[in-house]
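Report on the structure
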Amino acid sequence: MSRALVLNATFEPLSVVSPRRALILVLAGKAEVLLESDERFRSERLDLPVPSVVRLSYFVRVPFFRTGGLSRRGVFARDGYRCQYCGRHADSIDHVRPRSRGGTHSWENVVAACRRCNMTKRDRLLSETPMRLMRPPAEPPRSAWVASAVGQVPSDWLPFLDRTAEPVARTA
């Protein structure tokens, strides 16, 4: 089964949970379904749609901004699983300024790379190679942690993750 996105009462993303947990929140009256998937939960007496996006009916105060930690999956998601040197499918990560030369392990210094480009660059600086970055590495947007949590964000979730999107109107 897929996963379900949980939104705060203010429509900001809070977490990604199992569909079963999302349905429990809805049945307990703690959340409302904003988007349903094509799948169904069936029991002897109930036939319910599987929630894909739910919104809590009360506000949860979050004392910090959630960001995705630096991880291979996060770097691949940020770079679209493409090598930032040649554009092929990436299967490793590369430090733009090698750690052996004082580079840090941070979002601004790590990119996705194919094995061929990673082996070609080795532990050299970009200025010492003919290679160029397709785009400079940067920290991903605040909602990028969702991509790290699920691998690939379902297209149905994009309106809820876009900060400029209008809140979805409640259905009766």
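Residues numbered from 1 in each chain as written. Predicted model: local features only at pLDDT ≥ 70, side-chain atom pairs only at ≥ 80, totals over all residues. Heavy atoms only, no water.

**Some points on the packing of aromatic side chains**
Tallied over the full model, the rule gives one aromatic pair. The interplanar angle of 25 degrees and the centroid separation of 5.9 Å between the aromatic rings of phenylalanine 76 and tyrosine 81 together place this pair among those described as stacked. (Phe/Tyr/Trp six-rings, centres within 6.5 Å; stacked < 30°, edge-to-face > 60°.)

**Regarding the pattern of salt bridges**
In this structure the tally under the stated criterion is seven salt bridges. Among the salt bridges present, the one from arginine 135 reaches aspartate 79, with a minimum N-O distance of 3.3 Å. Separated by 56 residues along the polypeptide, arginine 135 in the loop between α3 (115-121) and α4 (145-150) and aspartate 79 in the loop between α2 (72-78) and β5 (92-95) bring together distant segments of the chain. Put simply, aspartate 94 and lysine 121 hold a salt bridge, and the shortest N to O gap is 3.5 Å. Taken together, the positions of aspartate 94 in strand β5 and lysine 121 in helix α3 put the pair 27 residues apart, joining distant regions of the chain. You can call aspartate 94 buried: its relative accessible area is 4%. (Salt bridge = Lys/Arg side-chain N within 4 Å of Asp/Glu carboxyl O. Helix = DSSP H or I, 4+ residues; strand = E, 2+ residues; numbered from the N terminus. Buried < 20%, exposed > 50% of the residue type's maximum accessible area, 1.4 Å probe, protein only.)

**Focus: the nonpolar core**
The biggest cluster of nonpolar side chains holds 11 residues, and these are Leu5, Leu7, Phe11, Val16, Leu34, Val53, Trp145, Val146, Trp157, Phe160 and Leu161. Excluding anything up to four places from it in sequence, valine 146 contacts Leu5, Val16, Val153, Trp157 and Leu161. (Core = buried A, V, L, I, M, F, W, Y, C linked by side-chain atoms within 4.5 Å. Contact = heavy atoms within 4.5 Å.)

**Points about the sheet that holds strand β2 (residues 13-17)**
Pairing is mixed in the open sheet, where four strands are placed in the order β2-β1-β4-β3. Whereas interior strands pair on both sides, the edge strands pair on one side only; in this sheet they are β2 and β3 (31-42). Each adjacent strand pair in this sheet contributes to an overall mean axis angle of 30 degrees, direction not counted. Bridge analysis of β3 against strand β4 (residues 47-56) gives eight bridges, and the strand direction is antiparallel. The residue of β4 that forms the bridge with arginine 42 is aspartate 47. Packing against the sheet, helix α1 (residues 19-27) makes contact with β1 (4-7), β2, β3 and β4, and its axis sits at approximately 80 degrees to β4. (Pairing = 2+ DSSP bridges. Axes fitted to C-alpha atoms, helices over the stretch in contact; angles between N-to-C directions.)

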